[in-house]
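What the coordinates show
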Amino acid sequence: MNFIRNRLLGYGVDDTLVDPLSFVILVTVITLLCIIANFITKHMIIRFIAHIVKKHKIQWGNILLERKVLRRLSHFVPALIIYYFAATFPTYQKVIETLALTYIMIVAFSVINRLLSVFNDIYQTYEIAKTKPIKGYVQVAKIIVVIVGAILVIANLMGESPIILLSGIGALSAVFMLVFKDSLLGLVAGIQLSATEMVRMGDWIEVPNYGANGDIIDISLNTVAVRNFDQTVTMIPSYALISDHFINWRGMQESGGRRIKRALYIDMSSIQFCTEEMIEHYKQINFLSEYIVERKREIEEYNVTNKIDRNNLVNGRAMTNIGVFRAYISEYLRRHPGIHQEKTLMVRQLAPGENGLPIEIYAFANSVQWTVYETVQADIFDHLFAVAGEFGLHVFQNPTGSDLKALSHEVKGE
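This write-up is about the structure you can find in this document. (Residues numbered from 1 in each chain as written. Predicted model: local features only at pLDDT ≥ 70, side-chain atom pairs only at ≥ 80, totals over all residues. Heavy atoms only, no water.)

1. A short note on the packing of helix α15 (residues 321-334) against helix α16 (residues 370-387)
To keep it simple, the criterion reads: Axis geometry follows a simple rule: fit a line to the C-alpha atoms, using only the stretch in contact for helices, then measure angles between N-to-C directions, giving values from 0 to 180 degrees. A run of H or I in DSSP becomes a helix once it reaches four residues, and a run of E becomes a strand once it reaches two; helices and strands are each numbered from the N terminus. Angle categories: roughly parallel below 35 degrees, roughly antiparallel above 145, roughly perpendicular from 65 to 115, and oblique for all the rest. Here a crossing is taken to be left-handed if its near helix is turned anticlockwise relative to the far helix by less than a right angle, and right-handed if that turn runs clockwise. Here, residues are in contact when the closest pair of their heavy atoms is within 4.5 Å. The classification used treats Ala, Val, Leu, Ile, Met, Phe, Trp, Tyr, Cys and Pro as nonpolar, Asp, Glu, Lys and Arg as charged, and all other residues, Gly among them, as polar.
Running from amino to carboxyl end, α15 crosses α16 at an angle of 150 degrees, the nearest separation of the two axes being 12 Å. On the basis of the axis angle, α15 is roughly antiparallel to α16. Where α15 crosses over α16, the two elements pack in a sense that is right-handed. Contacts between α15 and α16 involve F325, Y328, I329, Y332 and L333 on the former and, on the latter, D379, I380, H383, L384 and V387. A class-by-class count of the residues in the contact of α15 with α16 yields eight nonpolar, one polar and one charged.

Given below as structure tokens:
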């Protein structure tokens, strides 16, 4: 400050303007130094380190970069510069040093928290992590770091010893727990939710116990607000998401596909072996022509090799209309533009029951939008209901009034 003041006096600046100008110039210089130091740290040093890590494929280094530990460390530099120059402002020195030290402490505890996450990520790369996970212990350590950090920061701002602060908090803890019970439960739940990333803003969640099914629009200390699909809003206590069951559909939304899992019920009395006429008919279906030829050749080779007498249909191997229908559904789904071809695609037969034989489709639509998903699903089953008769199969349904009426007319006619 004196150096700048003397230089200004040497340039003939008015005495009344020297002190304000010295103050402004010094603040400007310190600000520029902070900006330059921050730029050099983030855009040169960290980029250089990142280049070395990626070039040599250092796994732990990649984890440090992903968790942005080095970027967080870069915040120390401007704070240290400000702390160093605090003595040039005697009037505000104590305040500046306190604030700079507080910022350094916050950054330090933030770095420790990120290093704990890095430690957990590195641990997850080992096989032992599958049987002995430490994520819970890391989360507890993070909570302790946050509590200790908050106490030290408050003590620094107050200019008191942390021990005095702890003793005062201990005496009032019973009162705090009674008066602020919901807030404390919400605070702990909030820390757990954020640490584990169980929910985020915009997540689609379903909480049956609270009748909530929609997108999260707000997360506060005590509540989580969910806008349901009927545009109503449900307020859920934060700790309910820790203690109660709920479904988060984020994984489905991020995957790019939504599961289709629905069955078509076939009347078992319509299932039969394929005749030559049926096989010839199936060959005319585009999706099945290659399958029928290959399947027929395979079955004939098996029967000839094993000298099986096919005069009785029970002997040996033969195609059935239900088997051909399953093959058709598989090929149809593989060619459907609304089905995600890189995810599980399966047509399976479930256990038969009083409603017939379930043929279940297990696949994924290539869109997570609800309307698109429902349209794709309906389009598939519209088609299957219509083509089932081409395979000599009947879709099962319980008798309706018209069925019973037609039956009574047949009985009367007899």
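From this point on, the discussion continues.
2. Remarks on the packing of aromatic side chains
The following threshold applies: Between 30 and 60 degrees the pair is tilted, below 30 it is stacked and above 60 it is edge-to-face, where a pair is any two Phe, Tyr or Trp rings, Trp via its six-membered ring, whose centres lie within 6.5 Å. Burial here depends on accessible area, computed with a 1.4 Å probe over protein chains only, as a share of the maximum for the residue type. Under 20% is buried, over 50% is exposed, and the range in between is partly exposed.
Counted under the stated rule, the structure contains eleven aromatic pairs. Ring geometry for W204 against W249: centres 4.9 Å apart, planes inclined by 20 degrees, an arrangement best described as stacked. Here W204, found in strand β1 (residues 204-207), pairs with W249, found in the loop between β5 (247-248) and α12 (250-255); they are 45 residues apart in sequence, far enough to count as distant. Centroid distance F229 to W370: 5.2 Å. Interplanar angle 50 degrees. Geometry classified as tilted. Note that F229 is positioned in the loop between β3 (223-228) and β4 (233-237) and W370 in helix α16, a separation of 141 residues in sequence. With relative accessibility at 35%, the residue F229 sits in the partly exposed group. Exposure remark for W370: the relative accessible area of 46% places this residue in the partly exposed category.

3. Considering a nonpolar patch on the surface
Condition: For patch detection, residues must exceed 30% relative accessible area and be free of salt bridges, and they are connected within 9 Å for like charges or within 5 Å for nonpolar side chains (Val, Leu, Ile, Met, Phe, Trp, Tyr). A 1.4 Å probe and the Shrake-Rupley method give the accessible areas. Residues count as covered only by the protein chains that appear here. Criterion for a salt bridge: a side-chain nitrogen of Lys or Arg within 4 Å of a carboxyl oxygen of Asp or Glu.
A surface patch of nonpolar side chains, amounting to about 470 Å² of accessible area, comprises L32, I35, I36, F39 and I40. Mapped onto the secondary structure, F39 falls in helix α2 (residues 15-56). Among the residues examined, F39 registers a relative accessible area of 47% and is labelled partly exposed.

4. Considering the environment of H383
For H383, the position within the fold is in helix α16. Judged by its relative accessible area of 24%, H383 falls in the partly exposed class. Along the primary structure H383 and I329 are separated by 54 residues, whereas in three dimensions their C-alpha atoms are 9.9 Å apart. Excluding anything up to four places from it in sequence, H383 contacts Y328 and Y332.

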